[in-house]
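Residues per chain, in single letters:
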Amino acid sequence: PTMSEQPPIETPSASPTILVVDDELALTKLCKRILEEAGFTVLHADGSSDALKLCTQHEGSIDLLLTDLVLPPPGFQLASSTNQFPHVHGHELALRAIRIRKGLRVILMSGNVEQELAGYGIRRGTLPFLPKPFEPNALVSLVRQTLHASAPSIESLTEKPPGLVRPSDEWV
């Protein structure tokens with residue numbers, strides 16, 4: 001049987017919507033394929049700017065944001081204070097997306113978890129992490145677990161651990 005002969009899913013509401021954000025198109029397509037085969041609805045963006053536009057303008061629900069931690073701006077457009085959809089790294093994207101979409105779950109992906117977390121001053125354990133490269137079933141099970149967990153709050157993501165406050169963490 002071919003892939004197209006799968007029975008249609010009767011209840012679209014039972015299919016959570018995942019927004020996948022990565023600057024590597026191959027990885028975005030891979031995530032999309034894995035998640036769609038697992039029964040999820042998938043939106044995708046190639047950067048934080050597109051992702052924020054989707055969060056703001058998408059008519060339906062977005063249940064989970066799966067984003068790479070390092071998102072270089074496509075075409076080197078600089079973020080400016082007037083830009084409603086700036087290019088930001090994945091953790092900042094998560095914060096902005098949660099402000100737009102209450103109850104949004106987030107998973108960060110990274111090829112180099114320890115270094116990248118430390119580099120951005122992010123505490124381990126605030127958000128689920130998927131180290132790249134990953135097995136398809138690891139992606140699906142983490143997405144399912146995260147959807148069943150309670151949504152992160154802005155407070156839990158933005159509070160800095162005592163003694164680690166560095167003014168240089170602020171991106172203006």
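Described below are features of the structure shown in this document.

**Observations concerning the overall build of the chain**
Counting secondary structure elements, the chain contains 6 helices and 5 strands. Listing each helix as α and each strand as β along the chain from the N terminus yields β-α-β-α-β-α-β-α-β-α-α. Scored against the burial criterion, the 172 residues of the chain give a buried share of 41%. Partitioning the intrachain contacts of the chain with sequence separation of at least 6 by distance along the chain shows that 70% fall at a separation of at least 24. Of the roughly 10000 Å² that the chain leaves accessible, carbon and sulfur atoms contribute 55%.

**Focus on helix α5 (residues 136-148)**
For α5, which comprises 13 residues, the first-to-last C-alpha distance of 19 Å matches the rise-based estimate of 18 Å (1.5 Å per residue) to within 8%. Every buried residue of α5 is accounted for by Leu-139, Val-140, Leu-142, Val-143, Thr-146 and Leu-147. The buried side chains of α5 occupy one side of the element, clustering within an arc of 165° when seen end-on. Looking at α5, the residues exposed on the side facing more than 90 degrees away from the buried face are Asn-137, Gln-145 and His-148.

**Quick word on the environment of Thr-67**
Note that Thr-67 resides in strand β3 (residues 64-68). Overall, the relative accessible area of 0% leaves Thr-67 in the buried class. As for Thr-67 and Ile-107, which are separated by 40 residues in sequence, their C-alpha atoms are 6.4 Å apart. Those residues within four positions of Thr-67 in sequence are excluded, and the remaining contacts are Val-21, Gly-90, Leu-93, Ile-107, Leu-108 and Met-109.

**Section: the pattern of salt bridges**
Tallying each qualifying case throughout the model produces 5 salt bridges. Among the ionic pairs, Lys-132 bridges to Asp-68, the shortest N-O distance being 3.0 Å. Taken together, the positions of Lys-132 in the loop between β5 (129-131) and α5 and Asp-68 in strand β3 put the pair 64 residues apart, joining distant regions of the chain. In this structure, the salt-bridge partner of Glu-92 is Arg-96, at a minimum N-O distance of 2.9 Å. Taken together, the residues Glu-92 and Arg-96, both in helix α3 (residues 90-100) and 4 residues apart, mark about one turn of the helix. Assessed through its relative accessible area of 30%, Arg-96 is described here as partly exposed.

Definitions and cut-offs
Residues numbered from 1 in each chain as written. Predicted model: local features only at pLDDT ≥ 70, side-chain atom pairs only at ≥ 80, totals over all residues. Heavy atoms only, no water. Helix = DSSP H or I, 4+ residues; strand = E, 2+ residues; numbered from the N terminus. Buried < 20%, exposed > 50% of the residue type's maximum accessible area, 1.4 Å probe, protein only. Contact = heavy atoms within 4.5 Å. Areas by Shrake-Rupley, 256 points an atom, 1.4 Å probe, with all protein chains shown as cover. Expected span 1.5 Å × (residues − 1). Arc of directions from axis to C-beta. Salt bridge = Lys/Arg side-chain N within 4 Å of Asp/Glu carboxyl O.

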